[in-house]
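Architecture and fold: a report
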Amino acid sequence: MTAIGAQVQQLLAHRRPQKSFFETLIRSLIILCVAIAVVLSSISICDGRWLFARGQLFGLWHFCTMSNDGVLKCGTDLSLAQVEGLSVGVIPIRSMVSFAVVVAIFGLELLMVSQVCDDAHARRKWAMGSVLILISFLLSATGVLSFSILVKDHLTFTGFTLTYWCEFIAAFLFFLNGISGLHINSLTHLRNGVGKI
């Protein structure tokens, strides 16, 4: 065997195993779903109107009342809602759900970089991205639950607005994709470990 042949065999021996089509498809779907969750959560936070009950619209940023002629009168003074703790309690809720989007964007970036730059640290980047997505779930779900507790006296199932459900679905997608990302990472690590034996 020539020296060049020996070097080629060494390079082939140290090369990472190729990903299957199914694994690449699943990872791409996880990235797509996280991106959709980030968009849904961003829309929900920017609009911020989460509950309509008894002619009043409760939100993260505004409180609105509906006049007799059907016109909404909105203001940023949440104490006008006369809900105990709403004006103070909504501040950490805003912070949590906004920070959830920021963390999810960083997690999404790590997920994408791990797929584009297929280096020795790709698995670690994917795992870290998945953990950040799970942290986004915790922040987002805590914000949604805290808002529901604050306005518990006004809650009706049909009173939740579309933007509230966007945030709820985003939190669910963060959870689902964070867990799925960690799971597929552990499965492929096991497969690669068995392949080396």
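Residues numbered from 1 in each chain as written. Predicted model: local features only at pLDDT ≥ 70, side-chain atom pairs only at ≥ 80, totals over all residues. Heavy atoms only, no water.

**Comments concerning unusual backbone geometry**
Of note in the backbone geometry, Arg54 takes a positive phi value of approximately 55° without being a glycine. Relative to the helices and strands, Arg54 resides in the loop between β1 (49-53) and β2 (56-59). (Helix = DSSP H or I, 4+ residues; strand = E, 2+ residues; numbered from the N terminus.)

**As for a nonpolar patch on the surface**
Taken together, the side chains of Phe21, Phe22, Leu25, Leu29, Leu32 and Ile36 define a hydrophobic patch exposed on the protein surface, amounting to about 640 Å² of accessible area. Within the secondary structure, Leu25 sits in helix α2 (residues 21-47). A relative accessible area of 35% means that Leu25 is categorised as partly exposed. (Patch = residues over 30% accessible without salt bridge, like charges linked within 9 Å, V, L, I, M, F, W, Y side chains within 5 Å. Areas by Shrake-Rupley, 256 points an atom, 1.4 Å probe, with all protein chains shown as cover. Salt bridge = Lys/Arg side-chain N within 4 Å of Asp/Glu carboxyl O. Buried < 20%, exposed > 50% of the residue type's maximum accessible area, 1.4 Å probe, protein only.)

**Remarks on the UniProt feature "transmembrane region" (unreviewed entry) in the protein**
What UniProt calls "transmembrane region" (unreviewed entry) maps, in this numbering, to residues 25-45, 96-114, 126-150 and 162-182. As annotated, residues 162-182 has a helix share of 100% and a strand share of 0%, and its two end C-alpha atoms lie 30 Å apart. (UniProt positions renumbered as here; feature names shortened; annotations may be inferred.)

**Regarding the sheet that holds strand β4 (residues 72-75)**
Read across the open sheet, the four strands follow the order β1-β2-β3-β4; overall the sheet is antiparallel. The strands lining the two open edges of the sheet, one partner per strand, are β1 and β4. Looking at each pair of strands side by side, their axes are set apart by 20° on average, direction ignored. Both strand β3 (residues 63-66) and β4 contribute to a ladder of four bridges, which runs antiparallel. Within β4, the residue paired with Cys64 across the bridge is Cys74. (Pairing = 2+ DSSP bridges. Axes fitted to C-alpha atoms, helices over the stretch in contact; angles between N-to-C directions.)

**Looking at the pairing of β1**
Note that β1 and β2 share four bridges and pair antiparallel. Within β2, the position partnered with Phe52 by the bridge is Leu57. Where β1 hands over to β2, the hairpin turn is made up of two residues, of which Arg54 adopts a positive phi near 55°.

**With respect to the packing of aromatic side chains**
Summed over all chains, the structure comprises eight aromatic pairs. Between Phe160 and Tyr164, the ring centres sit 4.0 Å apart and the planes meet at 15°, which makes this aromatic pair stacked. In terms of burial, Phe160 and Tyr164 fall into one category: buried. The interplanar angle of 80° and the centroid separation of 5.4 Å between the aromatic rings of Trp165 and Phe168 together place this pair among those described as edge-to-face. Here Phe168 and Trp165 lie together in helix α5 (residues 162-196), a separation of three residues that amounts to about one turn. (Phe/Tyr/Trp six-rings, centres within 6.5 Å; stacked < 30°, edge-to-face > 60°.)

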